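Structural overview for review
Chain by chain, the residues run as shown.
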Amino acid sequence: MKDWRYIIREQRGTLIAMALFVAMFAIYVTNHPAGFTLNVVTTASNKGVLLAFIAMAQTLVVVTAGIDLSLGMIFVLTNCLASWLVTGSPLETAFGVAAVLAAGLACGMLNGLIVIFGRLQPIVTTIATGAIFFGMALLLRPVPGGEVNQDLADALTGKLADKVPASLVVLIAVVLVVWMPFRRSLTGRAAYATGSSEAAAYMSGVAIRKARFVAYSLAGLLAGIGGLFLTFFTYSGEASAANGNTYTLYSIAAVVLGGVSLFGGIGSAIGAIFGAFAFRTIGDLLFVFDLEPLWQPLFQGVVLLLAVCLGAFRLLQIRNRLDYFG
Amino acid sequence: MDALATPLFEMDGISKRYGGVHALRDAALSVEGGRIHAILGENGAGKSTLIKIIAGVVAADSGRMMLEGREVTFASPSQASRAGIACVFQELSLVPDLTVADNIFISDPPRRYGLIDRAAQRRMAEAALARAGASDIHPMAQIRDLPLSRRQMVEIAKALARNPRILILDEATSALTQSDVTKVFDVLKRLRQEGLALLYISHRMQEIAKLADICTVFRNGRNVATYEAGTKSDNEVVELMIGREYRHVFPPKPRPVPANQNPVLEIANLSWSDRLRNVSLSVQAGEVVGLGGLDGQGQRELLLALFGVLRGVTGGLRIDGKAVTIAGPRSAKAPRVGMALIPEDRKTEGLMLPMSVRDNLSFAALARVSKAGVIDFGAERRLIAEMMSLLAIRASSIDAPVGSLSGGNQQKVVIAKWLMVTPRIILLNDPTRGIDVGTKQELYKLLRRLAESGVAIIFYSTDYDELINCCNRVLVLYDGSVISELEGEGITDRALVASALSIGADKGSQAPAVAR
């Protein structure tokens, strides 16, 4: 009978992120001159979807109590690769898409292999591999340029059947095809168990290495999907270090906003997606209230701090000081 | 009995070394189905290592294991699990952020189309919990919201859910309440009837007497004796375990403390949340006051409240007759209060396992061995040497990590660390849980010496024998309040059990602990 209470307790972070985003977006559309129209929603979707992909990727790794600081660079690298390959006839374009996704996956697999078999700390490993990925991106695109199959790009960044934003549909499809099966699989559970308590997971005969490897690999794949979409928006590739670093850091912010614990074991990619959209909506709110865009980083910082404080409210209720550390 | 039949599981010639230390030397064990086989021995006798080898957690250096007459090797816990060996570990193997059902079926959940079938998993989890006698636990609760005793029941349910042929219980009842222990015993007896082989490791002799069919005693990494349960007296068993003449475990009972003295510590109407209700007590110098009652009736909370760990505690606290407020462990240990708490969980609250013995010992006492904020290494070394010999701590070096010491020696380090600040009031929270007879004996002696030197001691123990033999007075707690006080010769097994349960009978069965 009390099942739903346990479910709410388990999904609390995700629900809070969802509520935060809905509140922010409601304020945004009610103050927008055009109101709640398909165009406004499509623009918002297109703005948020890139960070949503990277945040999803970050969630997979953070859940195992790791962190991936190379995701932004995988994003940039796959963008540069896509600006070479995703072009030409439909067949060539399809091959290009497959190759770009495979490249993202390969980057993630490399991270996973180093972290697992090199026994290096994820933070150091991914800073290093991130630099390597960026170097490769620079080789591919020393100067910004390239092109992309415009029909495909326009189809995926426009509206589907003139009713729904195509980018949102793709995002939901990725959640259904990548995230949901992962969450419900033995490997996904192993990832949560590893992040929550590695020793207990090992003693229980959980396949820890496999869980880690799959988490890093899928993270690379998701970052690759992000890179592909970036190409669809810009019609070109650019090896931009600033872009890569921004997305890496914002993905961590989105994950925290989304209720994913940086200590591992807690949270969901769906929460992180709402976190990403909420983070993006800050800029839009500044726009409708006619504030200088220069204020954006400051406001983003404030919102992030508030979100973290919200999580810390729990601490005020603690009556046994030892629970601060648990 | 059935000498011709092949034992279900057999191991012989098993040796294992950790560095220069032989944990096991040429050990052998033979286990039959349908019997409960108790393994006895001091800490460091090799029991834990033996079990880890059977469960596939560590590999033996030499020797062989036979399952139903066929030689087997286990490279990982999951391989042992597939062979039908399940283990309830002393160190809980539950993942805190997953639900009870997820944990029970963590490595082999029911699946449909390759994905976890949560509805089926839930049904099976309910069945497993019922089988372990723990239907009060909701399968969707998260482990971290459950108190220790419920977690241990989940751990048992998890082992049963694997349908093992050999079930190993390593100190599996150490955190359980008495009513849980009874339920678990019933479960174990049923499993014995079903033909399982049960390996039971416990420091509680009474449990072994109640449960075991056959016992094997380990000492210094070897199996020194195997006998049918009930054929040896407790004294004989303890002699086998410690390998030396067994005298009295407990030092002589304390002399009564004159009542007219001024108490060192005095509390009045202490309350906290719904876990402590109007607790009043006073302790004089040289007195050992025990806390008794069923497990989880507020004894731990009382000690934490005194030590300043809990927030929102109401009531009065006097030290040497002066009212004080203790804002946290730092002010509790300050010389004007002079309090020390030996925590229940030495691994998280008492020690920093990867750091050296030296560092762990001097943390609490750094102020004593430093001048103007600079540590005087000479003074530190002298004080440490003094403590190491006082408590007979056995470590290869003071620079060895504490984690490499045996459980009993780790506990001695925790105690020594607090003795270094020369406390006037010592709070002990079940300090002998999971340590061996020899170390226990040393601790009792130490307790007595400290009391005789004028230290006031509050001693919480789940072992009634300890309360009977170590305390001047015992306060019995129930549901957060003191329901009776026993003194001197009045502290008996009967009196303790009776007063712990008297109110319990009024309120029906003992209320299950709720999530913190």
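Residues numbered from 1 in each chain as written. Chains lettered and ligands numbered in written order. Predicted model: local features only at pLDDT ≥ 70, side-chain atom pairs only at ≥ 80, totals over all residues.

**Details of the overall build of chain B**
Of regular secondary structure, chain B possesses 17 helices and 24 strands. In terms of overall size, chain B behaves like a compact globule, its C-alpha atoms giving a radius of gyration of 24 Å where 516 residues would be expected to give roughly 24 Å. In terms of principal-axis extent, the alpha carbons of chain B reach across some 70 × 50 × 45 Å. Taken over 516 residues, chain B has a buried fraction of 47%. Put simply, 69% of the contacts in chain B that link residues at least 6 apart link residues at least 24 apart. (Helix = DSSP H or I, 4+ residues; strand = E, 2+ residues; numbered from the N terminus. Rg over C-alpha atoms; globule rule 2.2 N^0.38 Å. Buried ≥ 20, exposed ≤ 12 C-beta atoms within 10 Å, placed from the backbone. Contact = placed C-beta atoms within 7 Å.)

**Let's talk about the packing of helix H3 (residues 38–63) of chain A against helix H13 (residues 269–288) of chain A**
All names here are of chain A. Their axes nearest at 8 Å, the elements H3 and H13 cross at an angle of 140°. The pairing of H3 with H13 is recorded here as oblique in orientation. In this structure, H3 crosses over H13, and the sense of that crossing is right-handed. In this structure, H3 contributes Ala44, Lys47, Gly48, Leu51, Ala52, Ala55, Met56, Gln58, Thr59 and Leu60 to the contact, and H13 contributes Ala269, Ala272, Ile273, Gly275, Ala276, Phe277, Phe279, Arg280 and Asp284. Of the residues belonging to the contact of H3 with H13, the class tally is 12 nonpolar, four polar and three charged. (Axes fitted to C-alpha atoms, helices over the stretch in contact; angles between N-to-C directions. Parallel < 35°, antiparallel > 145°, perpendicular 65-115°, else oblique. Left-handed = near helix turned anticlockwise from the far one by under 90°. Nonpolar A, V, L, I, M, F, W, Y, C, P; charged D, E, K, R; others polar.)

**What about the interface of chain B and chain A?**
Across the boundary between the two partners, chain B contributes 32 residues, which contact 24 residues of chain A. Among the secondary structure elements, those contributing two or more residues to the side of chain B that touches chain A are helix H2 (77–82) and strand S8 (115–116) of chain B. Per element, the largest residue contribution to the side of chain B that touches chain A is three residues, and it comes from H2 of chain B. Of the residues in the side of chain B that touches chain A, the class split is 17 nonpolar, 11 polar and four charged.

**A word on the sheet that holds strand S24 (residues 481–487) of chain B**
Residue and element names in this part refer to chain B. The mixed open sheet is built from six strands, whose spatial order is S18-S21-S22-S15-S23-S24. Each having just a single partner strand, strand S18 (339–342) and S24 make up the two edges of the open sheet. Shown here is a sheet whose adjacent strand axes are inclined to one another by a mean of 20°, direction ignored. Across five bridges, strand S21 (residues 425–429) lies against strand S22 (residues 456–460) in parallel orientation. Counted as the bridge partner of Ile425 is Ala456 from S22. (Pairing = 2+ DSSP bridges.)

**Some thoughts on the environment of Leu447 of chain B**
All names here are of chain B. Checked against the element boundaries, Leu447 lands in helix H15 (residues 437–452). Each C-alpha atom of the pair Leu447 and Cys471 lies 9.9 Å from the other, and the pair is 24 residues apart in sequence. Among all residues touching Leu447, those that are not within four sequence positions of it are Val288, Ile457 and Cys470.

**Focus on the sheet that holds strand S3 (residues 35–40) of chain B**
Residues and elements named next belong to chain B. The sheet built from six strands is open, its strands ordered S6-S9-S10-S3-S11-S12 with mixed pairing. Of all strands in the sheet, those bounded by a partner on one side alone are strand S6 (85–88) and strand S12 (222–228). Each strand axis lies, on average, 20° off the axis of its neighbour in the sheet, ignoring direction. The pairing of S3 with strand S11 (residues 214–219) spans four bridges and is classified as parallel. Residue pairing across strands places Ala38 opposite Cys215, the latter belonging to S11. Helix H1 (residues 47–54) contacts S3, S6, strand S9 (166–170), strand S10 (197–201) and S11 of the sheet and is inclined by roughly 150° relative to S9. In the packing of helix H5 (residues 148–161) onto the sheet, the strands contacted are S6 and S9, and the crossing angle to S6 comes to about 180°.

**What to know about the packing of helix H4 (residues 118–131) of chain B against H5 of chain B**
Residue and element names in this part refer to chain B. At their nearest, the axes of H4 and H5 sit 8 Å apart, and the two run at 110° to each other. By the criterion of interaxial angle, the relationship of H4 to H5 is roughly perpendicular. The hand of the H4/H5 crossing is right-handed. In this structure, H4 contributes Met124, Ala128, Leu129 and Arg131 to the contact, and H5 contributes Ala157, Leu160 and Ala161.

**Points about H1 of chain B**
Residues and elements named next belong to chain B. Buried residues dominate H1, accounting for eight of its eight residues. Among all positions in H1, only Lys47, Ser48, Thr49, Leu50, Ile51, Lys52, Ile53 and Ile54 are buried. Following H1 by one or two positions, Gly56 has its phi on the positive side, about 80°.

**Describing the domain arrangement of chain B**
Each assigned domain of chain B is listed with its residue range as follows: domain 1 (9–242), domain 2 (249–338 + 423–509) and domain 3 (350–422). Domain 1 of chain B and domain 2 of chain B are separated by 33 Å when their C-alpha centres are compared. (Domains from an automatic or database assignment.)

**Overview of the environment of Gly48 of chain A**
Residues and elements named next belong to chain A. Relative to the assigned elements, Gly48 resides in helix H3. Given 26 C-beta atoms within a 10 Å radius, Gly48 is considered buried. Along the chain, Gly48 and Pro144 lie 96 residues apart, while their C-alpha atoms are 23 Å from each other. Setting aside chain neighbours within four positions, we find Gly48 in contact with Ala276, Phe277 and Arg280.

**Some words on helix H9 (residues 186–196) of chain A**
Extensive coverage of H9 of chain A is indicated by the burial of 10 of its 11 residues. Taken together, the buried positions of H9 of chain A are Leu186, Gly188, Arg189, Ala190, Ala191, Tyr192, Ala193, Thr194, Gly195 and Ser196 of chain A. Looking at the buried positions of H9 of chain A, the neighbouring elements they touch are H3, helix H8 (166–184), helix H10 (198–203) and helix H11 (208–234) of chain A together with helix H3 (100–104) and S8 of chain B.

**Description of the confidence of the model for chain B**
All names here are of chain B. In this model, chain B carries a mean pLDDT of 84, and residues with pLDDT of at least 70 account for 92%. Summarising per-element confidence for chain B, the mean pLDDT is lowest in helix H17 (residues 493–506) (62) and highest in S22 (94). Confidence drops under a pLDDT of 50 for residues 503–516, and excluding neighbours within four residues, the segment shows 18 contacts in the predicted structure. For this predicted complex, the interface score ipTM comes out at 0.83, while the overall pTM is 0.75. (pLDDT = per-residue confidence, 0-100.)

**Considering unusual backbone geometry**
Residue and element names in this part refer to chain B. Its identity is not glycine, yet Asp26 carries a phi of approximately 50°, on the positive side. Positive phi values are uncommon outside glycine, yet Asn278 reaches one of about 45°. Residue classification places Asn278 among the partly exposed positions, given that 13 C-beta atoms sit within 10 Å.

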